[in-house]
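A closer look at the structure
Residues per chain are reported as follows:
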Amino acid sequence: MPPSNRRKPTPPPLGEVRQSQVLQLYGPGAMVDLPEYAVLIGGLDFWNERGSDQIHEPRLLRLARQATGAARVDLRTPPKEVDPLRNISGSIKALRFPEWSVVQKAIPDREAFGITCRARLLVHYNDSCIKDWKKYKDDEGEHPLVPVRFVMACPHGHLSDIRWRDFCFNQFGCKNDERLYLLEAGTGNDFTQIFVQSHSGVTRKLADALIPDTKALGTCQGHTPWLGRHSRDPERCLTAGEPTLSRLLVRSATNAYFSETISVISLPDEAGALDRRVTEFKDELEGIEAEAEIAMALKFNPRLRSAFAGVEPAVLWQAIATQRGGSTVESTQPKDEELKLLIGPMDGVTSSAEDSLFEAAIWTPSQPPGWFQTAIRRVLLVKRLREVQALVGFTRFTARTSSLGGLPIETAQGSRRAALAKDLRWLPAAENKGEGVFIEFDPATIAAWAASDSVVSRAAQFHKAFENEWLQSRGLDSSDFPFPGAPYILLHSLSHLLITEMALECGYGSSAIRERIYANPEIGYGILLLTSTSGSEGTLGGLVDAGRRIVPYLERAFERAQLCSNDPFCSEHDPNHPFDIRPTHGAACHGCELIAETSCEQRNEFLDRALVSRTVSVHDDSGDPSFWSFINPEANR
């Protein structure tokens, strides 16, 4: 065949990621391995703000200010690539971390507690033999360095190198300057087979750092190296009033970084249009300090007079105060406002214009079955939506709990989120366009089902486990996080089953479809399945087309819930089981209900397919709590 004249695709630059990846995986404080270095993503003070664009989303801005406590913080995209025309010389700065490395040089095996181990020299970056962080130089030449894979951290996000000499000699503030070796026996994945040894033979197991009672790594000193090499948190690091113990952390482990984000679906309303104009003319409105000054400012500024023609001074001042973070209006749960839009009339709300934020159409099946008419009020095909997400902080080891409305929960006993910057002036945010399908359930049917004896009994099991185990393990009480209730668990479980079924045909993978569950007895009930990306791939029509086949999808989801490959063990699980501690799971496991955590709004918690369909462990004498049996009595005959 003749040689092709096509150019080979140019590989992306090293370290290039999408904006959504920055928010989820590579935000401030995240540890990243590059081919020759291990780095720590710097705080927002090290990011090139000139390379980012402002994002307008008033609702998310209010929530972000509420979450961070910063009165005048803005939403901006992560910095873009280098742009010589705009004199942008860099994007996101990363700092070298950790400062300890192991030398890739063959040295004789050493013995630890009678075990022969491979040995590698453990060195600090300021060792006189270290050259440019890359090479270790001795009489035999230069040898490559590999960053040590173990560091220490605390659940509040603080991070630092392990004080290896203190650990080896079991003496804090140790002055011994002997050479140190990292010894490994076996594959290196068993901490009991990893040792730290001095040149003279003093040895300690790395597994000692995993035992809290030994306090082997000492208490957390609040180090925040992503904000600067010698930076520390000004507040003392405490957990439940006691000094927080440092914990061993593998840099590449999945629990090394949990980003905390909040997101909203943009609402197409006139208030949003006014807020956009306030943002656009922010600099010219800066001098206005009171409502009484608005009339004078509009009189002498033709641009302002034209932009805000017909707007009452009181309304304009409220928008200005909100933009500056001075609004006294109490913010509601973001999902409640979205639910009101999705169940409300579509006339005058949806638009097919190219720049519209929301486009949807009500769809009704031609011959709906009886159960559909009983349970489903309507199906909404969302052809276009805009989702905006902002990063507000992060933790390590465990993710912080958010409310069902999507807002982070602040408690004295729980983990504190780590700071993103010393001087927080803006937050990284990303806007994605997408599509989806919304299923509105009949509130009267949900209420009647939830009031049945079998559902009340099943919900009581969950409530007991929720109060006794789940809340206590997170340092919460029922006022911080009320019990979600049987309707939420039902919708959440059905949503997971629907995602699995729809992913088989709609063209999107299951990890690309996400959920938003709405369960407010005062407003309504619904499931929104959506997909969104920063490009055009989020609006290809796969989910909208799947919405037109929602009846067979729902029937197959109800059928899928009846049997799991792990039955009867899965269906018989008790949330209050003393040994299998899964207090928010009923009949739910990886074989049936659990999906990718990126798709689930509650990290795969509050699931039970027994509330969706009748399982093999449900008998007539014990009562059937399933929704499918309630709306379709013929299903189990």
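If you're wondering where the values come from, they're calculated on a predicted model, not measured in any experiment.

What follows concerns the overall build of the protein chain. Secondary structure summary: the protein chain contains 16 helices and 24 strands in total. For the protein chain, the residues scored as buried account for 49% of the 637 residues in total. The long-range share in the protein chain, meaning contacts at least 24 apart out of those at least 6 apart in sequence, stands at 71%. In the structure as shown, the protein chain presents an accessible area of about 30,800 Å², 50% of it carried by carbon and sulfur atoms.

Within this structure, the stated rule accounts for 19 aromatic pairs. On the basis of an interplanar angle of 85 degrees and a centroid distance of 6.0 Å, the ring pair of Trp371 and Phe558 is categorised as edge-to-face. Taken together, the positions of Trp371 in helix H10 (residues 370-375) and Phe558 in helix H15 (residues 550-560) put the pair 187 residues apart, joining distant regions of the chain. The burial state of Trp371 is the same as that of Phe558; both residues are buried.

Among the structural elements, Trp470 can be located in helix H12 (residues 453-473). By relative accessible area, which is 1% here, Trp470 ends up buried. Along the backbone, Trp470 and Thr584 are 114 residues apart, and their C-alpha atoms lie at a distance of 7.5 Å. Ignoring anything within four residues of it in the chain, the contact list for Trp470 reads Thr401, Ala465, Leu476, Phe481, Pro583, Thr584, Glu605 and Phe606.

The next subject is the pairing of strand S19 (residues 258-265). Note on strand geometry: in a regular strand, side chains alternate between the two faces of the sheet. Among the 8 residues of S19, 7 are classified as buried, and the element is accordingly described as predominantly covered. Where S19 lies against strand S21 (residues 376-395), 8 bridges are found, and the strand directions are antiparallel. Considered in S21, the bridge of Ile262 is made with Ala390.

Another aspect to go through is the packing of helix H13 (residues 486-502) against H15. Contact pair H13 / H15: the axes reach a minimum separation of 9 Å and the direction vectors enclose 115 degrees. The hand of the H13/H15 crossing is right-handed. Of H15, the residues touching H13 (which contributes Leu494, Leu497, Leu498, Thr500, Glu501 and Met502) are Ile550, Tyr553, Leu554, Arg556, Ala557, Phe558 and Arg560. Taken together, the residues of the contact of H13 with H15 break down into 9 nonpolar, 1 polar and 3 charged.

Time to look at the pattern of salt bridges. A full pass over the atoms with the stated rule returns 32 salt bridges. Between Arg378 and Glu440 there is a salt bridge, with the nearest N and O atoms lying 3.4 Å from each other. Here Glu440 lies in strand S22 (residues 426-441) and Arg378 lies in strand S21, a separation of 62 residues in the sequence. Classification of Arg378 by relative accessible area gives buried; the value is 13%. Looking at Glu440, the relative accessible area reads 3%, which means it is buried.

With that settled, the discussion passes to unusual backbone geometry. Here the residue pair Phe97 and Pro98 is connected by a cis peptide bond, since its omega of 5 degrees sits within 30 degrees of zero. For Pro98, the location among the structural elements is in the loop between strand S4 (94-96) and strand S5 (100-103). A cis amide bond links Asp567 with the next residue in sequence, Pro568, at an omega value of 5 degrees. Within the element layout of this structure, Pro568 appears in the loop between H15 and helix H16 (627-631). The phi torsion at Phe397 lies on the positive side, around 75 degrees, for a residue other than glycine. With respect to the helices, strands and loops of the structure, Phe397 is situated in the loop between S21 and S22. For Phe397, a relative accessible area of 9% translates into the label buried. Phi is positive for Asn604, close to 60 degrees, though the residue is something other than glycine.

Time to look at the nonpolar core. The biggest cluster of nonpolar side chains holds 56 residues, and the ones touching the most others in it are Phe441, Leu498, Ile550, Leu554, Phe558 and Phe627. Those residues in contact with Leu554 that sit more than four places away from it in its chain are Trp371, Phe372, Ile376, Leu494 and Leu498. Core analysis: the next-biggest nonpolar cluster, separate from the first, contains 44 residues, Leu60, Ala256, Ala390 and Leu427 among them.

Turning our attention to the sheet that holds strand S11 (residues 150-153). Spatial strand order, S12-S11-S18: 3 strands in an open sheet with antiparallel pairing. The open sheet terminates on both sides in strands that have one partner only, identified here as strand S12 (159-160) and strand S18 (247-250).

The topology assignment puts Gln389 in strand S21. Under the relative-accessibility criterion, Gln389 is labelled buried at 15%. Apart from the residues lying within four places of it in its own chain, the contact partners of Gln389 are Leu23, Gln24, Leu60, Thr261, Ile262, Ser263, Pro428, Ala429 and Ala430.

The strands that make up a sheet pair up through hydrogen bonds in the backbone, lying either parallel or antiparallel. Here we have 3 strands laid out as an open sheet, ordered S1-S2-S4, and antiparallel in their pairing. The open sheet is flanked by strand S1 (31-33) and S4, the only strands paired with a single partner. On average, each strand axis in the sheet is inclined to that of its neighbour by 40 degrees, with strand direction left out of account. Of the pairings in the sheet, the one linking strand S2 (residues 38-41) to S4 comprises 3 bridges and is antiparallel in character. Its bridge partner lying in S4, Leu40 is registered against Leu95.

Attention now goes to the environment of Asp608. Within the secondary structure, Asp608 sits in the loop between H15 and H16. Asp608 sits in the buried class, given a relative accessible area of 0%. Considering only alpha carbons, one finds Asp608 and Phe462, 146 residues apart in sequence, at a separation of 9.7 Å. With residues up to four places along the chain from it excluded, the contact list for Asp608 reads Arg458, Phe462, Ile489, Ser493, Gly586, Ala587 and Glu593. A distance of 2.8 Å separates the side chain of Asp608 from the backbone nitrogen of Ala587, its partner in a polar contact. Within the local environment of Asp608, its side chain forms a polar contact with the backbone nitrogen of Ala610, the two atoms lying 3.1 Å apart.

Thresholds applied
Residues numbered from 1 in each chain as written. Predicted model: local features only at pLDDT ≥ 70, side-chain atom pairs only at ≥ 80, totals over all residues. Heavy atoms only, no water. Helix = DSSP H or I, 4+ residues; strand = E, 2+ residues; numbered from the N terminus. Buried < 20%, exposed > 50% of the residue type's maximum accessible area, 1.4 Å probe, protein only. Contact = heavy atoms within 4.5 Å. Areas by Shrake-Rupley, 256 points an atom, 1.4 Å probe, with all protein chains shown as cover. Phe/Tyr/Trp six-rings, centres within 6.5 Å; stacked < 30°, edge-to-face > 60°. Pairing = 2+ DSSP bridges. Axes fitted to C-alpha atoms, helices over the stretch in contact; angles between N-to-C directions. Left-handed = near helix turned anticlockwise from the far one by under 90°. Nonpolar A, V, L, I, M, F, W, Y, C, P; charged D, E, K, R; others polar. Salt bridge = Lys/Arg side-chain N within 4 Å of Asp/Glu carboxyl O. Core = buried A, V, L, I, M, F, W, Y, C linked by side-chain atoms within 4.5 Å. Polar contact = N/O pair within 3.5 Å; in protein donor to acceptor, adjacent residues only side chain to side chain.

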